[in-house]
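Inside the fold
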Amino acid sequence: VQLQAFGGGLVQGGGSLSLSCAASGRTFRDYTMGWFRQAPGLEREFVATVNWNGYSTYYADSVKGRFTISRDNAKNTVYLQMNSLKPEDTAAYYCAASYDPLGGRFRPIAEFKYWGQGTLVTVSS
């Protein structure tokens, strides 16, 4: 599956930004989708995941209550709505896919085999 992320940019602290990721090449609904991020000098980390039907979502503690992941299977797209952004949210954000038909459990980063190119989010203080 090929993934392409959109929507990064520069935003002031406290602001909002919406990311989207378009998938192609395979049956989108067979995949759990996730957003991950990587700040300079740090390892890539989990942000949020959503299962095939959108009913099971998981969030990192650092973004819980501020970020919302969702998907539209008709459009082969996964979204990340980011509110109340903080400077520490600054990172390259990556969407990823994990083959998981009808799944619903949490899937760690190692189980995501398909990755998009990343989109940069910069939050100013």
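See the structure above.
Side note on the overall build of the chain
- Scanning the chain for helices and strands turns up 0 helices and 11 strands.
- Along its sequence from the N terminus, the chain presents helices and strands in the succession β-β-β-β-β-β-β-β-β-β-β.
- In terms of C-alpha radius of gyration, the chain reaches 13 Å, essentially the compact-globule figure of 14 Å for 125 residues.
- For the chain, the C-alpha atoms occupy an extent of roughly 40 × 25 × 25 Å along the three principal directions.
- Among the 125 residues that make up the chain, the fraction classed as buried is 42%.
- A sequence separation of at least 24 residues applies to 59% of the contacts in the chain between residues at least 6 apart.
- As displayed, the chain offers around 6,200 Å² of accessible surface, 50% of which is attributable to carbon and sulfur atoms.
- For the chain, the distance from the average position of its 12 positive side-chain charges to the average position of its 9 negative side-chain charges is 4 Å.

Considerations on the nonpolar core
- Residues Trp-35, Leu-80, Met-82 and Tyr-93 are the most contacted members of the largest nonpolar core, which totals 30 residues.
- Of all the secondary structure elements, the ones that give two or more residues to this core are β1 (2-6), β3 (17-24), β4 (31-38), β5 (45-50), β7 (67-72), β8 (77-82), β9 (91-99) and β11 (119-124).
- For Met-82, the residues in contact, after removing those within four places along its chain, are Gly-15, Ser-16, Leu-17, Leu-19, Arg-66, Phe-67, Tyr-93 and Val-121.

Concerning the sheet that holds β7
- The antiparallel open sheet is built from 4 strands, whose spatial order is β1-β3-β8-β7. Unpaired on one side and paired on the other, β1 and β7 mark the two borders of the sheet. In this sheet, neighbouring strand axes are inclined to one another by 15° on average, regardless of whether the strands run parallel or antiparallel.
- Two strands pair when backbone bridges link them, and β1 and β3 are joined in this way by 5 bridges, in the antiparallel orientation. Directly across from Gln-2, in β3, lies its bridge partner Ser-24.

A short note on the side chain of Ser-98
- Relative to the helices and strands, Ser-98 resides in strand β9.
- On the basis of relative accessible area, Ser-98 is assigned to the buried category, the value being 0%.
- Among the polar contacts listed, one links the side chain of Ser-98 to the backbone oxygen of Glu-111, at a separation of 2.8 Å.
- Those residues in contact with Ser-98, other than ones at most four positions away along the chain, are Asp-30, Tyr-31, Thr-32, Arg-107, Glu-111 and Phe-112.

Details of unusual backbone geometry
- Residue Asn-76 is not a glycine yet carries a positive backbone phi of 50°.
- Take Asn-76: it is sitting in the loop between β7 and β8.
- Backbone geometry places Leu-102, a non-glycine residue, at a positive phi of 65°.
- Following the sequence through the fold, Leu-102 ends up in the loop between β9 and β10 (114-115).
- When its relative accessible area of 66% is taken as the criterion, Leu-102 is described as exposed.

Focus: the pattern of salt bridges
- On inspection of all chains with the given rule, the structure shows 7 salt bridges.
- In this structure, the salt-bridge partner of Asp-61 is Lys-64, at a minimum N-O distance of 3.1 Å. Across the pair, Lys-64 and Asp-61 agree in class, each one exposed.
- A salt bridge links Asp-100 to Arg-107, with the nearest nitrogen and oxygen atoms 3.2 Å apart.
- Asp-100 gets classed as buried once you look at its relative accessible area, which sits at 10%.
- Each of Arg-37, Glu-45, Arg-66 and Asp-89 takes part in a single network of salt bridges with overlapping partners.

Calculation rules
Throughout this document, residue positions are counted from 1 along each chain, in the order its sequence is written. Restriction of local features to residues with pLDDT of at least 70 applies here, the model being predicted, together with a cutoff of 80 or more for giving and counting side-chain atom pairs; totals for whole chains, interfaces and linings are based on all residues. Side-chain descriptors were evaluated using all non-hydrogen atoms of the structure, hydrogens and water having been removed beforehand. Going along the chain from the N terminus, every DSSP run of H or I of four or more residues is numbered as a helix, and every run of E of two or more is numbered as a strand. Put simply, the radius of gyration uses C-alpha atoms, and a globule should come to 2.2 Å times the residue count raised to 0.38. Exposure classes here rest on a 1.4 Å probe applied to the protein chains alone. A residue is buried below 20% of its type maximum, exposed above 50%, and partly exposed in between. Whether two residues are in contact is decided by their heavy atoms: any pair within 4.5 Å suffices. Note on areas: Shrake-Rupley with a 1.4 Å probe; residue coverage comes only from the protein chains shown. As used throughout, the charge tally considers Lys and Arg to be positive and Asp and Glu to be negative, leaving His and the chain termini uncounted. Lys charges are placed at NZ, Arg charges at CZ, Asp charges at CG and Glu charges at CD. By nonpolar core is meant a set of buried Ala, Val, Leu, Ile, Met, Phe, Trp, Tyr and Cys residues that side-chain atoms within 4.5 Å join together. Here the rule is simple: two strands pair whenever DSSP picks up at least two bridges between them. What counts as an axis is a line fitted to C-alpha atoms, over the stretch in contact for a helix, and the angles between N-to-C directions run from 0 to 180 degrees. We define a polar contact as two N or O atoms separated by no more than 3.5 Å, with the added condition that, inside protein, one atom must be a possible hydrogen donor and the other a possible acceptor, whereas residues neighbouring each other in sequence contribute only through side-chain atom pairs. Take a side-chain nitrogen of Lys or Arg and a carboxyl oxygen of Asp or Glu: if they are within 4 Å of each other, that pair is a salt bridge.

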